[in-house]
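Survey of secondary and tertiary structure
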Amino acid sequence: MTSAARTAPRFLARSAQALIAAAAVADVFRAVALRDHYLHPTDASQHRSGLISMVFVYLMTLATVLFLVWLARSRRNAHESAHEAAVPSTGWMIGAWFIPVVNLFAPRRIVLDIGRAGSVSWEKRETTLVNLWWAAWVAHALVALVASRVAPGSMPCLVVTETLMLAAAVLAVLVIERVTALQAAAPDVQVSLRA
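My aim in this report is to walk through the structure given alongside it, one point at a time. In this text, all values refer to a predicted model and were calculated from it rather than measured experimentally.

1. Digging into the side chain of Asp-27
As for its placement among the helices and strands, Asp-27 is situated in helix 1 (residues 10–39). Residue class for Asp-27 comes out buried when judged on its relative accessible area of 1%. Of the polar contacts made by the side chain of Asp-27, one reaches the side chain of Arg-30; its length is 2.6 Å. Not counting the four nearest positions on each side in its chain, Asp-27 is found in contact with Phe-56, His-140, Glu-162 and Met-165.

Structure follows, in structure tokens:
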């Protein structure tokens, strides 16, 4: 593929953003339903929390897949625009999200590397945006883990956990928007709804 044929992945970006937002909202409903079932265990509350949890898992799985597809397309664009830049391989870009402990720091670095390599306009504010997103995401995961073991059903823990999840989702949407916009503005990149 020549650099003139590169495309900024707008359609993938919008799809991933929509699913990330939907998954975050579903997670709030899931957490509330699970707390309700924990405090008032009935067959109806178990059924409701199970159904909402299933919807959340489906939405989160789709959001993850679309995010990774968007990231792979952005990685390819970054590699084509800056051959000498350090851009992770596709295998590492995907695998780093699923390796325990490594997934606490490597995905942030990957997104930063792709963003920097894909645009000469990358600035400190973009790095700050990625850092804020990643901090919210990791904090959400850690607080959710600790809360589920130490204080299951705790309303303060639920509020903190879901606030962090919503913050991470909003920041992820902004990261996707910024990387896509910078790649679209880069020389020789065509914006396409097919991407």
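2. Side note on a nonpolar patch on the surface
On the surface, Leu-51, Met-54, Val-55, Val-57 and Tyr-58 cluster together into a nonpolar patch covering about 460 Å² of accessible area. Its place among the elements puts Met-54 in helix 2 (residues 43–81). Accessibility expressed as a relative area gives 39% for Met-54, which makes it partly exposed.

3. Quick notes on the packing of aromatic side chains
Enumeration according to the criterion identifies 6 aromatic pairs in this entry. With a centroid separation of 5.5 Å and an interplanar angle of 45 degrees, the aromatic rings of Phe-67 and Trp-70 are classed as tilted. Taken together, the positions of Phe-67 and Trp-70, both in helix 2 and 3 residues apart, correspond to about one turn of that helix. Residue Trp-70 is classed as buried on the basis of its relative accessible area, which comes to 0%. Ring plane angle 80 degrees and centroid distance 5.6 Å describe the contact between Trp-97 and Trp-134, whose orientation is recorded as edge-to-face. Here the residue Trp-97 occupies a position in the loop between helix 3 (90–95) and helix 4 (106–118), and Trp-134 occupies one in helix 5 (residues 124–150), the gap between them amounting to 37 residues. The burial state of Trp-97 is the same as that of Trp-134; both residues are buried.

4. Structural notes on the packing of helix 2 against helix 4
Interaxial distance between helix 2 and helix 4 falls to 8 Å at its minimum, and their mutual angle equals 45 degrees. Between helix 2 and helix 4, the crossing angle belongs to the class labelled oblique. Considering how the two elements wind past one another, helix 2 and helix 4 form a crossing that is left-handed. Residues Leu-71, Ser-74, Arg-75, Ala-78 and Ser-81 of helix 2 pack against Ile-110, Val-111, Ile-114, Ala-117 and Gly-118 of helix 4. Along the lines of polarity and charge, the residues of the contact of helix 2 with helix 4 split into 6 nonpolar, 3 polar and 1 charged.

5. So, the packing of helix 4 against helix 5
Two numbers describe how helix 4 lies on helix 5: the axes approach to 10 Å, and their chain directions differ by 160 degrees. Viewed along their axes, helix 4 and helix 5 adopt a mutual orientation that is roughly antiparallel. As helix 4 runs across helix 5, the sense of the crossing is right-handed. Taking contact as the criterion, the partners of Pro-107, Arg-108, Val-111, Leu-112 and Arg-116 in helix 4 are, on helix 5, Thr-127, Val-130, Asn-131, Trp-133 and Trp-134. Tallied by class, the residues present in the contact of helix 4 with helix 5 amount to 6 nonpolar, 2 polar and 2 charged.

Rules behind the numbers
- Residues numbered from 1 in each chain as written.
- Predicted model: local features only at pLDDT ≥ 70, side-chain atom pairs only at ≥ 80, totals over all residues.
- Heavy atoms only, no water.
- Helix = DSSP H or I, 4+ residues; strand = E, 2+ residues; numbered from the N terminus.
- Buried < 20%, exposed > 50% of the residue type's maximum accessible area, 1.4 Å probe, protein only.
- Polar contact = N/O pair within 3.5 Å; in protein donor to acceptor, adjacent residues only side chain to side chain.
- Contact = heavy atoms within 4.5 Å.
- Patch = residues over 30% accessible without salt bridge, like charges linked within 9 Å, V, L, I, M, F, W, Y side chains within 5 Å.
- Areas by Shrake-Rupley, 256 points an atom, 1.4 Å probe, with all protein chains shown as cover.
- Salt bridge = Lys/Arg side-chain N within 4 Å of Asp/Glu carboxyl O.
- Phe/Tyr/Trp six-rings, centres within 6.5 Å; stacked < 30°, edge-to-face > 60°.
- Axes fitted to C-alpha atoms, helices over the stretch in contact; angles between N-to-C directions.
- Parallel < 35°, antiparallel > 145°, perpendicular 65-115°, else oblique.
- Left-handed = near helix turned anticlockwise from the far one by under 90°.
- Nonpolar A, V, L, I, M, F, W, Y, C, P; charged D, E, K, R; others polar.

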